[in-house]
Amino acid sequence: MYKHVFTLICIILCFTMPVYCLEETTTTTTQTYQWIVVGAGCSGATLARKLLDYFPNDKVLLLERGIDNLDPVFTDETCSPEPHIFNTTRPVTCTYPAIIAPRRSVSPALGSHIFTSIPQPQLKNRTISFGAGNCTGGGTSINGMVAFRALREEFEEISATPGLEEFNYHAFLPYYKKIEDNENNNPKVFWDRNGNSGRVSVTNHKVGTLFNEKAFLKASIANGVYPSDINSLQLGGLSKAQATITSNGRRASSAINYLDSTARNSYRFTLKNTCRVRRILFNSAGTQATGVEYQTGNQIFTAFATKEIIISAGTVETPRILKSSGIGPSGELQALGIPVIRDMPVVGTNYFEKPLTLANFRLTIPDNPKMNTSIVLSNSTFRQWKYYGTGPLTGWNNPWAVHGGSSNLDAEFHEQAPLPDTTYNFTNWMRLVCWNAETKSRGSIQLNPSDIYGSPIIDVALLRDSSDADKLIACNYKFRKILKEAGIISDDLLPSTSVWENTTAFRDYVFSIVSATQHNCGTCRLGSNSSVAVVDGRHRVFGIQKLRIMDYSIFPYVLRVNPAITLYALSEKLADYIREDYQTSPPLGRVTLQFQCTPPVTAINDYSIWSVKNSYSKPYVYHWSSTTGVSGSFSVEAYSQSYFFTPVDSTQAVTLKINGVTISTKYATNATCTY
């Protein structure tokens, strides 16, 4: 009887005080670790593994809201192609690359969580839905797998902020190399810009393209869009994309790259799935993070960290966790009855998303019956992928992209081969995807008054500043013109030709179809102080000890490119910051520094390679600075060698400092210095 009375009381309270109502079966269990990482996506999985490697005596807890990527529903043995494409109750994250991202935004399939914005007045009160990874591996388990590094100009923009000087291209390059196992690693062709021993597989497009690539390049150049190898030279322009796909045709997610059997089988590592973090716990003074409170089913747990807590929950969830913990705008928190730990008005603001448009075209090549869905998804094709790592299921459908450069536009060209869509009853069509990475509109993340631990109120603000549409319109017209001049497309499918020919109608079309690129960032931005930012250059939350953030929410500006590769690199860089904070300096006299002339390659002759060999028995983080004012840091494993790059003036001596020791040499000669 008392049980039923308690249930009735709880139900009543849920309607009157929904924020604080707990279910009847709630219990509390406490655990203690050295490190707690919240979110097992690209950044969280990477950091968890690096903490295990760097601190061999420490225990690491990794909390993930979604299911595990090694759940049987994700494995090759239970993946049959058709259910994962046409049955939206099944996961979209099966490991064959042809299962790609777009479906994550239209169905709440396993492995994906769908967020929905509030109605947008500028879009006639339309809501915007977008997906986020909801499994181990996060976005890397459901994304389009495009592997582009950020452009050099984007690093320059961020590193110009006081306190963020190490967010420069030269400091990042060693980490891009470190994470990669890049198919393009021949130094005679790609110099020394790509890595070949990292955890993240980066490969070229292996399935034949429908494009007449020669005609496409010719028409692009004629219209002022010039080709560039973005990943090697860090210059914007038209480039053929690489992808995070293994050499045998498997999706290379962080759940596979970093959380391998070595990590998963370690007694020091605990991965907990289907856990929703409610809030961060603090000491009595409210100055230091001590643990987290999380919920699994109807049970509430607490876990404590003796060293640090790192939040990697994403652009939407990370500010939600901070606010529900008492870190955020005091007015918003007090209105919800949340004790204010630290008044930080910028938490949840500066929501930055690239607006995206789609346009479909009929190709000039004839329809190919061999590419129809039933044949491509046949059992024989599936077996070809599963047992031999070949065939159409090893591919993905956007081999070409434009990012910045002379055109200052951003677009991808999506072919519908090798995996046809069911949009049309023919296979010879393609999609032009344009977005605006320089949008002026900014949205926000606010707590939901009915449930401060649930999905927050999201204002995406797409095209709120109507001038943001101008660049999208210019992008569409520019590349439609190029595709037509190249003889690649014939008919307009979406929108119709009549809409293309009426500029007012096309602008209306842009507002009617605009959606989110799902590269949102900015809600916990980096900066020099707490009046304009949430975290400092080492990712520490201002005013709170032992609490850091590592996910896309910290980026003050959205990148033109897909962010995954940069997030991998930045996570490795943060791991080195953390290791440095806890390490003991090695004695001097155990480091060999070698300077090499820059190879005679015109596009990159403003850099020099420095090779550092660590002869010490422990890994170590080194800092460098040059006379040009550029600085950075990098990590070298015990008894290992690493590289970094510095800008130089070929007419002057180069002065370089490593951990305070000055090294001088001439640009024109190789030299070896030991200290």
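Please read these numbers as outputs of a predicted model, since none were measured by experiment.

**Student:** Could you give me a rundown of the packing of helix 2 (residues 42-54) against helix 18 (residues 564-582), with the residues and numbers involved?
**Tutor:** Axis angle and axis distance: for two packed helices, these are the angle between their axes and the distance between the axes, and together they describe the pair. Interaxial distance between helix 2 and helix 18 falls to 9 Å at its minimum, and their mutual angle equals 30°. For the crossing formed where helix 2 meets helix 18, the hand is right-handed. Residue-level contacts link C42, S43, T46, L47, K50, L51 and Y54 of helix 2 to A564, L567, Y568, S571, E572, L574, A575, D576, I578 and R579 of helix 18. Classifying every residue of the contact of helix 2 with helix 18 by side-chain character gives 10 nonpolar, 3 polar and 4 charged.

**Student:** Before we move on, can you summarise the confidence of the model for the protein with the specific residues and values?
**Tutor:** In low-pLDDT regions, the fine details of the predicted coordinates are not to be read closely. Within the protein, residue pLDDT values average 79, and 71% of them lie at 70 or more. Taken as a whole, residues 649-654 scores under 50 in pLDDT and shows 10 contacts with residues more than four places along the chain or in a different chain.

**Student:** Which residues make up the sheet that holds strand 9 (residues 242-243), and what values go with them?
**Tutor:** The pairing of strands in a sheet happens through backbone hydrogen bonds and is either parallel or antiparallel. A sheet is described by the order of its strands in space; here 4 strands give the open sequence 5-9-7-6, paired in mixed fashion. At either end of the open sheet lies a strand with only one pairing partner, and these are strand 5 (146-147) and strand 6 (180-182). Examined bridge by bridge, strand 7 (residues 200-204) and strand 9 share 2 bridges and lie antiparallel to one another. Residue T203 lies in a different strand from strand 9, and its bridge partner there is A243. Lying on the sheet, helix 5 (residues 169-179) is in contact with strand 6 and strand 7; it crosses strand 6 at an angle near 65°.

**Student:** Before we move on, can you summarise the pattern of salt bridges with the specific residues and values?
**Tutor:** Under the definition given, this model contains 30 salt bridges. Salt-bridge contacts for E166 lead to K573; the nearest nitrogen and oxygen are separated by 3.5 Å. Taken together, the residues E166 in the loop between helix 4 (152-159) and helix 5 and K573 in helix 18 connect sequence positions 407 residues apart. Under the relative-accessibility criterion, E166 is labelled buried at 17%. The buried category is assigned to K573, whose relative accessible area is 0%. For E293, the salt bridge identified is with R279, shortest N-O distance 3.3 Å.

**Student:** With reference to specific residues and values, describe the pairing of strand 11 (residues 276-282).
**Tutor:** Among the 7 residues of strand 11, 6 are classified as buried, and the element is accordingly described as predominantly covered. Bridge count for strand 11 against strand 12 (residues 289-296) is 6 bridges, and the pairing is antiparallel. In the strand pairing of strand 12, I280 is matched with V292. As consecutive antiparallel partners, strand 11 and strand 12 are separated by 6 residues, and within that stretch G286 has a phi angle of approximately 70°, a positive value.

**Student:** Please provide a residue-by-residue account of the environment of G389, values included.
**Tutor:** Residue position: G389 is located in the loop between helix 14 (379-388) and strand 17 (400-404). C-alpha separation for the pair G389 and T246, spaced 143 residues apart in sequence, amounts to 9.1 Å.

**Student:** Lay out the packing of helix 7 (residues 213-222) against helix 15 (residues 468-485) with the relevant residues and their values.
**Tutor:** Where helix 7 contacts helix 15, the axes come no closer than 8 Å and their chain directions differ by 135°. Classified by the angle their axes make, helix 7 and helix 15 are oblique. Handedness of the helix 7/helix 15 crossing: right-handed. In contact with F216, A219 and S220 of helix 7, helix 15 contributes I482, L483 and E485. Each residue belonging to the contact of helix 7 with helix 15 can be placed in one class, and the counts come to 4 nonpolar, 1 polar and 1 charged.

**Student:** Pulling in residues and values, what's your account of unusual backbone geometry?
**Tutor:** A cis amide bond links L494 with the next residue in sequence, P495, at an omega value of -5°. Inspection of the secondary structure assignment puts P495 in the loop between strand 22 (489-494) and helix 16 (497-500). The phi angle at N408 is positive, at roughly 55°, despite the residue not being glycine. Inspection of the secondary structure puts N408 in the loop between strand 17 and strand 18 (409-415). Of note, the phi angle at A461 is positive, near 60°, even though the residue is not glycine. Assignment of secondary structure puts A461 in the loop between strand 21 (457-459) and helix 15.

**Student:** I'd like a rundown of the side chain of E64, residues and numbers included.
**Tutor:** Assignment of secondary structure puts E64 in the loop between strand 2 (60-63) and helix 3 (81-86). Polar contacts involving the side chain of E64 include one to the main-chain amide nitrogen of G66, which spans 2.8 Å. A distance of 3.3 Å separates a polar side-chain atom of E64 from the backbone nitrogen of C135. The contacts of E64, once residues within four sequence positions are left out, are G39, A40, G41, N134, C135, T136, K272, N273, T274 and C275.

**Student:** How would you summarise the environment of G237 if you had to cite specific residues and measurements?
**Tutor:** In this structure, G237 sits in strand 8 (residues 237-240). Residue G237 is classed as buried on the basis of its relative accessible area of 3%. If we ignore the near neighbours within four places in the chain, the residues touching G237 are Y226, S228, I230, A401, V402, H403, G404 and G405.

**Student:** Could you give an account of the side chain of R250, with specific residues and numbers?
**Tutor:** Looking at where R250 falls in the secondary structure, it is placed in the loop between strand 9 and helix 9 (254-257). The buried category is assigned to R250, whose relative accessible area is 13%. Here N248 takes part through its backbone oxygen, which lies 3.1 Å from a polar atom of the side chain of R250.

**Student:** Break down the packing of aromatic side chains for me, with residues and values.
**Tutor:** Inspection of the entire model under this criterion finds 20 aromatic pairs. Between Y258 and Y568, the ring centres sit 5.9 Å apart and the planes meet at 20°, which makes this aromatic pair stacked. One end of the pair, Y258, is in the loop between helix 9 and helix 10 (261-264); the other, Y568, is in helix 18, and 310 residues separate them in sequence. Both residues of the pair, Y258 and Y568, belong to the buried class.

Conventions we followed
Residues numbered from 1 in each chain as written. Predicted model: local features only at pLDDT ≥ 70, side-chain atom pairs only at ≥ 80, totals over all residues. Heavy atoms only, no water. Axes fitted to C-alpha atoms, helices over the stretch in contact; angles between N-to-C directions. Helix = DSSP H or I, 4+ residues; strand = E, 2+ residues; numbered from the N terminus. Left-handed = near helix turned anticlockwise from the far one by under 90°. Contact = heavy atoms within 4.5 Å. Nonpolar A, V, L, I, M, F, W, Y, C, P; charged D, E, K, R; others polar. pLDDT = per-residue confidence, 0-100. Pairing = 2+ DSSP bridges. Salt bridge = Lys/Arg side-chain N within 4 Å of Asp/Glu carboxyl O. Buried < 20%, exposed > 50% of the residue type's maximum accessible area, 1.4 Å probe, protein only. Parallel < 35°, antiparallel > 145°, perpendicular 65-115°, else oblique. Polar contact = N/O pair within 3.5 Å; in protein donor to acceptor, adjacent residues only side chain to side chain. Phe/Tyr/Trp six-rings, centres within 6.5 Å; stacked < 30°, edge-to-face > 60°.

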